[in-house]
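The residues making up each chain are set out below.
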Amino acid sequence: MIVPLVPASADYLAADDVIDHTHPAVRAKAAELHRAGDGTATARAAYDFVRERIAHSRDLGEWSAAYTASDVLAAGNAICHGKAHLFAALLRANGIPAGLCYQRLADDVPGGFVVHGLNAVLLQDRWVRLDARGGAPGAGARFSTDPADERPAFPVDPAQQEVDYPTVHATTPPALLDGLRAARPDRHGYDYYLPAAL
């Protein structure tokens, strides 16, 4: 079960420096993806755009420092956090409350973990998690408005100490934001520098 960090849905519509949905390019793309009178269809259009048209940097094998919604849109690629920020911005620009969720997943390095970013969206009066990561083999995310049929890119494995964090954040947690700002390329072409737990 996912739990909004704050009760007011207005907080999940706000713009900030990261989910910068007042940026002209983000607003223009949001308008292009808008489906009149149908929030679910608009959410699906935004999901499909971010999942299919915004590449994941790791899949490309190239570095992208983009993490704000407008920078991700301009770059055309980002890690999962940047993709989640863009997805949230496109939804919020269309009046659909959207937040940020996280998972702790096992890394390629034995004993290591990464923090994976995805979204929660308020559709049909209930929060559903949607993961627009897309792309990589084994990343089986798909769009579903049924919380019982949630399909994140990577289901957690508790046996590997992986965690689904239940909180829906209205803004990027400060420790995570610090990590995104400090990130630089490494042997994979990116470096998370992110906290293993939130």
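Everything quoted here is computed from the prediction, not taken from an experiment. (Residues numbered from 1 in each chain as written. Predicted model: local features only at pLDDT ≥ 70, side-chain atom pairs only at ≥ 80, totals over all residues. Heavy atoms only, no water.)

S.K.: Before we go on, may I ask you to explain the sheet that holds strand β7 (residues 163–169) in this structure?
M.R.: The strands making up a sheet associate through hydrogen bonds between their backbones, and the pairing can be parallel or antiparallel. If you walk across this open sheet you meet the five strands as β1-β7-β4-β5-β6, and the pairing is mixed. A strand with exactly one partner marks an edge of an open sheet, and here the two such strands are β1 (3–4) and β6 (126–130). Inspection of the sheet shows strand β4 (residues 98–106) paired to strand β5 (residues 113–123) by nine bridges, in the antiparallel sense. Within the sheet, the bridge partner assigned to A106 lies in β5 and is F113. Contacting β4, β5 and β6, helix α5 (residues 80–93) runs over the sheet at an angle of about 10° to β5. (Pairing = 2+ DSSP bridges. Helix = DSSP H or I, 4+ residues; strand = E, 2+ residues; numbered from the N terminus. Contact = heavy atoms within 4.5 Å. Axes fitted to C-alpha atoms, helices over the stretch in contact; angles between N-to-C directions.)

S.K.: Any chance you could explain the pairing of β7 here in plain terms?
M.R.: Every regular strand shows the same layout, with side chains that alternate between the two sheet faces. Alignment of β1 against β7, held across two bridges, turns out to be parallel. Across the sheet, P4 pairs through a bridge with V168, a residue of β7. Pairing between β4 and β7: four bridges, direction antiparallel. Counted as the bridge partner of Y102 is Y165 from β7.

S.K.: Just checking my understanding: could you explain the pairing of β4 for this structure?
M.R.: Burial analysis of β4 places eight of its nine residues in the buried class, which makes it a mostly covered element. Remark: six residues form the turn of the hairpin made by β4 and β5, two consecutive strands paired antiparallel; G111 in that turn has positive phi of roughly 85°. (Buried < 20%, exposed > 50% of the residue type's maximum accessible area, 1.4 Å probe, protein only.)

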